[in-house]
Amino acid sequence: MMKRKEIWLKIYQKLPLIERLRRWFNGISIQKKLMLAYSILALVPMLIIAGYTYRNTKQILLNGLYEDLTAQLELTRKKLDEKTNGFYAVSNMIYMDSTLQSYLTVDYSNQGYEDLYMYVDDLFTGMQTLYPDICNISIYSSNQTLPQDKYYFYSLDAENLPDWYGKTSRAGGILYMESQPDGLISFTRLLNLYESGNYEIFIELKMDQDTVNEMLNTGDDEVTIVLTDEAGIVDAASTPALIGKELELEDQIVVSAATKYCGTLQMFTDPGRFDAQAGKAASGIFLVFFASAGMALAASYIYSRSFKRNVQKVLDGAKSIGDGNLEYRILNPGRDEIGQIAESVNLMGTRISHLIEESYKKELARKSSELNLLQEQINPHFLYNALSSISSLAMKNKDRETSQAIVYLSEFYRISLNKGKQELSVREELSLLESYLKIQKMRFGDTIIVEYDLDESLLERKVMKLTLQPIVENAIHHGRTDASDYFHILIRLFEEQDKTVLEIIDDGCGIPADKLMQLQNSMNQAQGGYGLRNVNIRIRLQYGERYGVYIESEPGFGTKVRIELPGA
């Protein structure tokens, strides 16, 4: 623990002073912040003015000057960036022009330049029309077969490379600005579209230096703005005589700002211009501060205590509601802005409470109604099929078998009703299925063969009532190809990861691919069907979207229905 504190202390000590003060100020209470603010504005200035009135007043004026200079410099920077953004847009259009790239990488040893000149002239002339500040656009290339007209095209000769070559190469795709001896400013950029190209290609855009100088002119003769490169050399200035020089500005008031593509803007002026103003203001400031300091300190203490108390009320209320105590209310919040926030917190707690209650009731009602509806859809459907089977037996066998079928049906409903419960154990669900199969075997005889592969440790797991029967019923009625053929059904029960899995596998006729896709797409729709879809909807409503029914089938090989349920 001590080592961690020492490491943090070292990191903290390396932070800039302003950042350290900001972090410290953010960490103290709001009452201390208010007291500190009033102390700085009242007591500290009074003590400083006692010995350094003149200097302090001058500093206040200088601070105002810094703000003015910073605002003016920022405005100039934006104007310059807007201008050079156009240059960057031009370079981007040229950079992305694949047609131009193909022209520039062609070997012209055995062909003419007519198409190249026509394309380049149209392209560059159009861009200069859109951006009239661009005096000239040129291409520098190591492709020695290109024309060397010293207007559009220049050769990159290893023995006579331009001054900007090294810095532009290192800059990659960034636009690089440099002042030229002929009174122009060049903007250069690497133009290779593909890094694996065989040639080095650069684009150079030129602008008249006077255009930049005019943008730097503020109209105030006592304020100078210069544009310097990374070495500190002046590329442009509101005072043109400074161009090409390296400035020494230790005794000046200086503000600076980095531009996107043109280096650094610096604005400076002589601080001596404010000496007279500071002297006039110093004598009156001391008396004003001396009289008001005591009153300001007392007022700040009283107000900060009241403000802190009201803020603490709101914090306590918000924290209580956030912790789940939705009945908490902030008492006597007042009528100011803090009071309005407190009222909003109270209202938020009330609304959250009402919304939770309303949403909970609606969700319970929705699930209950949907479960009941789906349950009612299945029971009449099965009852219809069961009675149909019994009717057929009655017509065929008259008394004994019909009586036995009715006994099986009664047993089925005795288990399925289950005192109104929606869930059974897997053991009970299998017993329910057996009652149904007894009825079906009376109708179809020994042609239906059901086998079980069960993990007996899972028989007490819970399952939605009437989960297996509708699926087995579907298998019998839709999977058998001929009433006289043997039809096998395998029912498996096992655990996979964190799920209880039931599988119903038959060796019937299977489901055609188009019908299988249609069935799978409709599995989550509760209307218009029974069996698989209803079982799937009921499981998802009861246990969530992670669980449900999944189908695999292939014509001629049978069908497998997989039911995934929650684990232990």
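Cut-offs applied
- Residues numbered from 1 in each chain as written.
- Predicted model: local features only at pLDDT ≥ 70, side-chain atom pairs only at ≥ 80, totals over all residues.
- Heavy atoms only, no water.
- Helix = DSSP H or I, 4+ residues; strand = E, 2+ residues; numbered from the N terminus.
- Polar contact = N/O pair within 3.5 Å; in protein donor to acceptor, adjacent residues only side chain to side chain.
- Pairing = 2+ DSSP bridges.
- Axes fitted to C-alpha atoms, helices over the stretch in contact; angles between N-to-C directions.
- Buried < 20%, exposed > 50% of the residue type's maximum accessible area, 1.4 Å probe, protein only.
- Lys, Arg positive; Asp, Glu negative; His and termini not counted.
- Salt bridge = Lys/Arg side-chain N within 4 Å of Asp/Glu carboxyl O.
- Contact = heavy atoms within 4.5 Å.
- Patch = residues over 30% accessible without salt bridge, like charges linked within 9 Å, V, L, I, M, F, W, Y side chains within 5 Å.
- Areas by Shrake-Rupley, 256 points an atom, 1.4 Å probe, with all protein chains shown as cover.
- Charge placed at Lys NZ, Arg CZ, Asp CG, Glu CD.
- Phe/Tyr/Trp six-rings, centres within 6.5 Å; stacked < 30°, edge-to-face > 60°.
- Parallel < 35°, antiparallel > 145°, perpendicular 65-115°, else oblique.
- Left-handed = near helix turned anticlockwise from the far one by under 90°.
- Nonpolar A, V, L, I, M, F, W, Y, C, P; charged D, E, K, R; others polar.
- pLDDT = per-residue confidence, 0-100.
- Expected span 1.5 Å × (residues − 1).
- Core = buried A, V, L, I, M, F, W, Y, C linked by side-chain atoms within 4.5 Å.

**A look at the side chain of Arg540**
Link 1 in the chain: Within the secondary structure, Arg540 sits in helix α15 (residues 532-543).
Link 2 in the chain: There is a polar contact of 3.2 Å between the side chain of Arg540 and the backbone oxygen of Tyr547.

**Remarks on the sheet that holds strand β11 (residues 448-454)**
Link 1 in the chain: The five strands are arranged β11-β13-β14-β16-β15 in an open sheet whose pairing can be described as mixed. With one partner strand each, in any of the chains shown, β11 and β15 (548-554) form the two edges of the open sheet. Between one strand and the next, the sheet's axes are offset by a mean angle of 15°, whatever the strand orientation.
Link 2 in the chain: Pairing analysis gives seven bridges linking β15 to strand β16 (residues 558-566), with the strands arranged antiparallel.

**A short note on the side chain of Asp506**
Link 1 in the chain: Turning to its location among the elements, Asp506 is positioned in strand β14 (residues 499-506).
Link 2 in the chain: Nearest to the buried, unbridged Asp506 among oppositely charged side chains is Arg480, at 10 Å.
Link 3 in the chain: Sequence-distant contacts of Asp506, defined by excluding residues within four places in its chain, comprise Ala475, Phe487, His488, Ile489, Phe557, Gly558 and Thr559.

**Details of the pairing of strand β3 (residues 176-179)**
Link 1 in the chain: Side chains of β3 alternate between two faces, with Tyr176 and Glu178 and Met177 and Ser179 buried alike.
Link 2 in the chain: Hairpin connection from β3 to strand β4 (residues 184-190): four residues lie between these consecutive antiparallel strands, with Gly183 at a positive phi of about 85°.

**A closer look at the sheet that holds strand β5 (residues 201-208)**
Link 1 in the chain: One open sheet holds the five strands; their spatial order is β2-β1-β5-β4-β3, and the pairing between them is mixed. At either end of the open sheet lies a strand with only one pairing partner, and these are β2 (153-155) and β3. The mean inter-strand angle of the sheet, taken between neighbouring strand axes irrespective of direction, is 25°.
Link 2 in the chain: Across seven bridges, the pairing between β4 and β5 is antiparallel. Along β5, the bridge assignment pairs Arg189 with Ile203.
Link 3 in the chain: Relative to strand β1 (residues 134-141), helix α6 (residues 114-130) is tilted by about 145°, and along the sheet it contacts β1, β2 and β5.
Link 4 in the chain: Sitting on the sheet, helix α8 (residues 209-216) is in contact with β3, β4 and β5, with an inclination near 60° to β5.

**A short note on a negative patch on the surface**
Link 1 in the chain: A cluster of acidic side chains, namely Glu246, Glu248, Glu250, Asp251 and Asp270, defines a negative patch on the protein surface.
Link 2 in the chain: As for its position among the elements, Glu248 is in the loop between β7 (234-237) and β8 (253-258).
Link 3 in the chain: Exposure remark for Glu248: the relative accessible area of 61% places this residue in the exposed category.

**Regarding the packing of aromatic side chains**
Link 1 in the chain: Going through the model one piece at a time under the given rule, you end up with 11 aromatic pairs.
Link 2 in the chain: Ring centres of Tyr140 and Trp164 lie 5.0 Å apart, and the angle between their planes is 90°; this geometry places the pair in the edge-to-face category. Of this pair, Tyr140 sits in strand β1 while Trp164 sits in the loop between β2 and α7 (165-171), and the two are 24 residues apart along the sequence.
Link 3 in the chain: Measuring from centroid to centroid gives 5.5 Å for Tyr165 and Phe202, while their planes differ by 65°, and the two rings are edge-to-face. Of this pair, Tyr165 sits in helix α7 while Phe202 is found in strand β5, placing the two residues 37 residues apart along the sequence. Grouping residues by exposure puts Tyr165 and Phe202 together as buried.
Link 4 in the chain: Aromatic ring contacts, followed pair by pair, group Tyr117, Phe124, Tyr151, Tyr152 and Phe153 into a single cluster.

**Quick word on unusual backbone geometry**
Link 1 in the chain: Look at Lys150: it is not a glycine, yet its phi comes out positive at around 60°.
Link 2 in the chain: Relative to the elements of secondary structure, Lys150 occurs in the loop between β1 and β2.
Link 3 in the chain: One non-glycine residue, Leu466, lies in positive phi territory at about 60°.
Link 4 in the chain: With respect to the element layout, Leu466 can be found in the loop between β12 (462-464) and α13 (468-479).

**Digging into the packing of helix α12 (residues 426-444) against α13**
Link 1 in the chain: Orientation of α12 relative to α13, taken along the N-to-C sense of each, is 25°, at an axis distance of 9 Å. It follows from the interaxial angle that α12 and α13 lie roughly parallel. The element α12 and its partner α13 pack so that their crossing is right-handed. Of the residues in α13, those touching α12 at Glu429, Leu430, Leu433, Tyr436, Leu437, Gln440, Arg443 and Phe444 are Leu468, Gln469, Val472, Glu473, Ile476 and His477.
Link 2 in the chain: A class-by-class count of the residues in the contact of α12 with α13 yields eight nonpolar, three polar and three charged.

**Observations concerning the confidence of the model for the protein**
Low pLDDT marks regions whose predicted coordinates should not be analysed in detail.
Link 1 in the chain: In the predicted model, the protein carries a mean pLDDT of 76, and the fraction of residues at 70 or more is 69%.
Link 2 in the chain: Here helix α11 (residues 400-417) stands out as the element of the protein with the lowest mean pLDDT, 59, in contrast to β14, whose mean of 94 is the highest.

**With respect to a nonpolar patch on the surface**
Link 1 in the chain: A cluster of nonpolar residues, Met348, Ile352 and Ile356, forms a patch on the protein surface that exposes about 240 Å² of accessible area.
Link 2 in the chain: On the secondary structure map, Ile356 appears in helix α10 (residues 337-397).

**A few points about the pairing of β5**
Link 1 in the chain: With seven of eight residues buried, β5 is to be regarded as a mostly interior element.
Link 2 in the chain: The pairing of β1 with β5 spans seven bridges and is antiparallel. Pairing of Ile139 across the sheet is with Ile203, part of β5.

**Topic: α15**
Link 1 in the chain: Between its first and last C-alpha, α15 extends 16 Å over 12 residues, near the 16 Å set by a 1.5 Å rise per residue.
Link 2 in the chain: Taken together, the buried positions of α15 are Leu532, Arg533, Asn534, Val535, Asn536, Ile537, Arg538, Ile539, Arg540, Leu541 and Tyr543.
Link 3 in the chain: Phi turns positive one or two residues past the end of α15, at Gly544, with a value near 115°.

**Here's the deal with the nonpolar core**
Link 1 in the chain: In this structure, Ile94, Leu104, Phe124, Phe187 and Leu227 are the most contacted members of the largest nonpolar core, which totals 45 residues.
Link 2 in the chain: For Ile94, the residues in contact, after removing those within four places along its chain, are Leu100, Phe124, Met127, Ile137, Leu191 and Ile203.
Link 3 in the chain: Listed in part, the 36 residues of the second largest apolar core include Phe444, Leu493, Val535 and Ile551.

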